[in-house]
Amino acid sequence: MESKNIRVLLIGESPQGSSYLTNRLQGRGCDCEFVTSYQEACALLRARNFDLVLSPMRLCGRSVFPLIDFLEGSGVTLFYSQAVEEGCWWLPALRRGRRCFGASALRPGEFMSALDEAIEEIGFDRRDAGDPWQSPTRQPDVSVFVAPSSLEAPSTGPALAKPSPMAKRKAVG
């Protein structure tokens, strides 16, 4: 039986380097597992379902970028970290199994907010899917934002995008 908690796979050279993330995720009720290689990650991802994967862009001198192709369409949210002089940037790669690589990079503080939002969104998706351990709470379908493409060129009417479950919740209050 799958865990009812959000499952997170952390990839890195040592668990100590991810301890702040592990503590934060566990504090949010997530189940975390850690691997130290791309091969271990792929094996574990084949064996178990994960909701969220956090990985560096390179691990032991090797690119971990192929995870995007491996996880595309799976429903997994994937973020890569890229070390810079002081700290790192977080790069969104997949959002619920859909490519978003090329979206704006996030500073560590911005990433923590995005991580919290991703965790909430995964929880809402689970409730919408009717997970047996979550009480079903349907939110009305309300469009709350305009698609960015409609801001670039004039159109004959407003261009509305389907809101995420998180946006629905915020719209209802």
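Refer to the structure presented above.
Each value, and the rule that gives it
Throughout this document, residue positions are counted from 1 along each chain, in the order its sequence is written. Totals for whole chains, interfaces and linings use every residue, but because this is a predicted model, local features are given only for residues with pLDDT of at least 70 and side-chain atom pairs only at 80 or more, for both listing and counting. The side-chain numbers reported here are obtained from all heavy atoms of the structure, hydrogens and water having been left aside. A carboxyl oxygen of Asp or Glu within 4 Å of a side-chain nitrogen of Lys or Arg is what we treat as a salt bridge. A helix here means a DSSP run of H or I that spans at least four residues, while a strand means a run of E at least two residues long, and both kinds are numbered starting from the N terminus. Side-chain atoms within 4.5 Å are what join buried Ala, Val, Leu, Ile, Met, Phe, Trp, Tyr and Cys residues into a set we call a nonpolar core. To sort residues, take the accessible area from a 1.4 Å probe on protein chains only and compare it with the maximum for the residue type: under 20% means buried, over 50% means exposed, and anything in between is partly exposed. Residues are treated as being in contact if the distance between any of their heavy atoms lies within 4.5 Å. By definition, the arc is the one covered by directions from the helix axis to the C-beta atoms.

(A) Representation of the pattern of salt bridges in the model. Across all of its chains, the model carries 11 salt bridges by this definition. Salt-bridge contacts for Arg28 lead to Glu120; the nearest nitrogen and oxygen are separated by 3.9 Å. Here Arg28, found in the loop between α1 (19–27) and β2 (31–35), pairs with Glu120, found in helix α4 (residues 108–129); they are 92 residues apart in sequence, far enough to count as distant. In the salt-bridge network here, residues are joined through shared partners; they are Arg24, Arg28, Asp116 and Glu120.

(B) View of the nonpolar core. Grouped together as the largest cluster of nonpolar side chains are 22 residues, with contacts concentrated most on Leu9, Ile11, Val53, Leu67, Leu71, Leu78 and Tyr80. Listed by contribution, the elements that provide at least two residues to this core are β1 (7–11), α2 (38–47), α3 (67–71), β6 (77–83) and β7 (88–95). Top element by residues in this core is α2. It accounts for 5 residues. Excluding residues that lie within four positions of it along the chain, Leu67 makes contacts with Ile11, Tyr38, Leu45, Val53, Ser55, Leu78 and Tyr80. Ranked by size, the runner-up nonpolar core spans 17 residues in total, among them Leu52, Trp90, Phe111 and Ile119.

(C) Representation of the environment of Phe50 within the structure. Summarising the element assignment, Phe50 is placed in the loop between α2 and β3 (52–56). Judged by relative accessible area, Phe50 falls into the buried class, the value being 6%. Those residues in contact with Phe50, other than ones at most four positions away along the chain, are Arg7, Val8, Leu9, Glu33, Leu44, Leu45 and Val76.

(D) Representation of α1 in the model. Listed as buried for α1 are Leu21, Thr22 and Leu25. Buried residues in α1, looked at end-on, bunch into an arc of 100°, giving them a common side. Pointing more than 90 degrees away from the buried face of α1 are the exposed residues Asn23 and Gly27. Count one or two residues on from α1 and you reach Gly29, which has phi positive near 85°.

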